[in-house]
Amino acid sequence: MKKIIVLAAGQGTRMNAELPKILMPLAGKPMIEYLIQSIIKSGADNQPIVVVSPDNKDVIKNALKNYNCQYAIQKRQLGTGHAMMCAKKYINKEASNIICFYGDHPFVKAETIKRLSKSYCGIITIATTIVSNFNDWKKNFYHWGRILRYKGQIEAIIEFKDATNEVKKIKEVNPGFYCFNRKWLWSNIEKLNNNNAQKEYYLTDLINLAFKQEQAINSILINSEEAIGINNKEELLTAEKIIAEAKHKKII
């Protein structure tokens, strides 16, 4: 049994809009709805957990009223690791693995969700993407965390604000899609600390923790278009263009 968590409690201040970022309209519907539809279509979980804030809980629940979601509340914005912990009480002990996505990634395909849920997890499976450069629409990826490998094995994920100039040259980046072994996750998530530039509890720090424990860290590669996240209005415009082009190709 798998359980899917969608992190959606962020305020999205860079959008400079009244709506929460994940509810910003993308080709006529809230961007998070694309992800929820893909999750349901994948068959991996017909009742995903959406982590929300006290401020955006009601408006998000209303926007997703046609879907059978559960809602966990992150009362304080203390980072992605803390957000995951807020969902713990909603997860049945029968769940062997927990899959995590972010609500601002509308292009994730049902096939990828199925692939991530069925891949050998070990302790962690990470979906990564590799870009040839950070030009044009790929500049969206420049401020993402970088994948550090040691002899081919994923060693750590370094968040951009904590990265050296050398690390920033790495072109394998982290969209933030994970599959965790449930027992290992709950045994280790409270070991996270906030000794970083943002003073937040990073979910990504679990990767380095698993590496130090010599645990199995698996990875799957996805294409860059599918990995696109939306953090500001410029990136929203890029996403609109991608959808328009996809519709045009179908017509042709």
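This one's a predicted model, so the numbers in the text were calculated from it and none came from an experiment.

Each value, and the rule that gives it
Residues numbered from 1 in each chain as written. Predicted model: local features only at pLDDT ≥ 70, side-chain atom pairs only at ≥ 80, totals over all residues. Heavy atoms only, no water. Helix = DSSP H or I, 4+ residues; strand = E, 2+ residues; numbered from the N terminus. Rg over C-alpha atoms; globule rule 2.2 N^0.38 Å. Buried < 20%, exposed > 50% of the residue type's maximum accessible area, 1.4 Å probe, protein only. Contact = heavy atoms within 4.5 Å. Areas by Shrake-Rupley, 256 points an atom, 1.4 Å probe, with all protein chains shown as cover. Lys, Arg positive; Asp, Glu negative; His and termini not counted. Charge placed at Lys NZ, Arg CZ, Asp CG, Glu CD. Pairing = 2+ DSSP bridges. Phe/Tyr/Trp six-rings, centres within 6.5 Å; stacked < 30°, edge-to-face > 60°. Lys NZ or Arg CZ within 6 Å of the ring centre and 35° of its normal. Axes fitted to C-alpha atoms, helices over the stretch in contact; angles between N-to-C directions. Parallel < 35°, antiparallel > 145°, perpendicular 65-115°, else oblique. Left-handed = near helix turned anticlockwise from the far one by under 90°. Nonpolar A, V, L, I, M, F, W, Y, C, P; charged D, E, K, R; others polar.

**Student:** Help me understand the overall build of the protein chain, please; the structure alone is not making it clear to me.
**Tutor:** Along the protein chain, the regular secondary structure elements total eight helices and eleven strands. By the compact-globule yardstick of 18 Å for 252 residues, the protein chain fits well, its C-alpha radius of gyration being 17 Å. Expressed along its principal axes, the backbone C-alpha trace of the protein chain runs to roughly 50 × 40 × 35 Å. For the protein chain, buried positions account for 52% of its 252 residues. The long-range fraction of contacts in the protein chain, counting pairs at least 24 apart against all pairs at least 6 apart in sequence, stands at 72%. Total accessible area computed for the protein chain in this model is approximately 12500 Å², and 48% of it derives from carbon and sulfur atoms. Once the 37 positive and 24 negative side-chain charges of the protein chain are each reduced to a mean point, those two points are 4 Å apart.

**Student:** Explanation requested: the pairing of strand S10 (residues 172-181) in the structure shown.
**Tutor:** Looking along a regular strand, one sees side chains alternate from face to face of the sheet. Of all ten residues making up S10, nine are buried, and the element is well covered by its neighbours. The pairing of strand S6 (residues 97-102) with S10 spans four bridges and is classified as antiparallel. Each bridged residue has a counterpart across the sheet, and for Ile98 the counterpart in S10 is Phe180. The pairing of strand S7 (residues 124-130) with S10 spans six bridges and is antiparallel. Looking across to S10, one finds that Ile130 is bridged to Glu172.

**Student:** What should I look at first to understand the packing of aromatic side chains in this one?
**Tutor:** What describes a pair of aromatic rings is the distance from one ring centre to the other and the angle between the planes of the rings. Taken as a whole, this structure holds seven aromatic pairs when the rule is applied. Both rings, one in Phe141 and one in Trp144, keep their centres 4.6 Å apart while their planes meet at 85°; by these two values the pair is edge-to-face. Taken together, the ring pairs in this structure connect Phe134, Tyr142 and Phe160 into an aromatic cluster. Above the face of the Tyr34 ring, Lys29 is positioned so that its terminal group lies 4.4 Å from the ring centre. Lying over the aromatic face of Phe160, Lys168 brings its terminal NZ or CZ to 4.4 Å of the ring centre.

**Student:** What's the story with the environment of Val167 in this structure? I'm lost.
**Tutor:** Mapping Val167 onto the fold places it in the loop between strand S9 (153-158) and S10. Owing to a relative accessible area of 14%, Val167 belongs among the buried residues under this scheme. Taking the C-alpha atoms as reference points, Val167 and Val131, 36 residues apart in sequence, are found 15 Å from one another. Beyond its immediate stretch of four places on either side in the chain, Val167 contacts Arg146, Leu148 and Ile158.

**Student:** Just to check I follow, could you spell out the packing of helix H1 (residues 31-42) against helix H4 (residues 110-118) for this structure?
**Tutor:** Where H1 contacts H4, the axes come no closer than 8 Å and their chain directions differ by 55°. Between H1 and H4, the crossing angle belongs to the class labelled oblique. Both H1 and H4 take part in a crossing whose hand is right-handed. Residue-level contacts link Ser38, Ile39, Lys41 and Ser42 of H1 to Ala110, Ile113 and Lys114 of H4. Taken together, the residues of the contact of H1 with H4 break down into three nonpolar, two polar and two charged.

**Student:** Any chance you could explain the environment of Val173 here in plain terms?
**Tutor:** Along the chain, Val173 turns up in strand S10. Exposure remark for Val173: the relative accessible area of 0% places this residue in the buried category. Considered as a pair, Val173 and Gly145 are 28 residues apart in the sequence and their alpha carbons are 5.8 Å apart. Those residues within four positions of Val173 in sequence are excluded, and the remaining contacts are Thr128, Thr129, Phe134, Phe141, Trp144, Gly145, Arg146 and Ile147.

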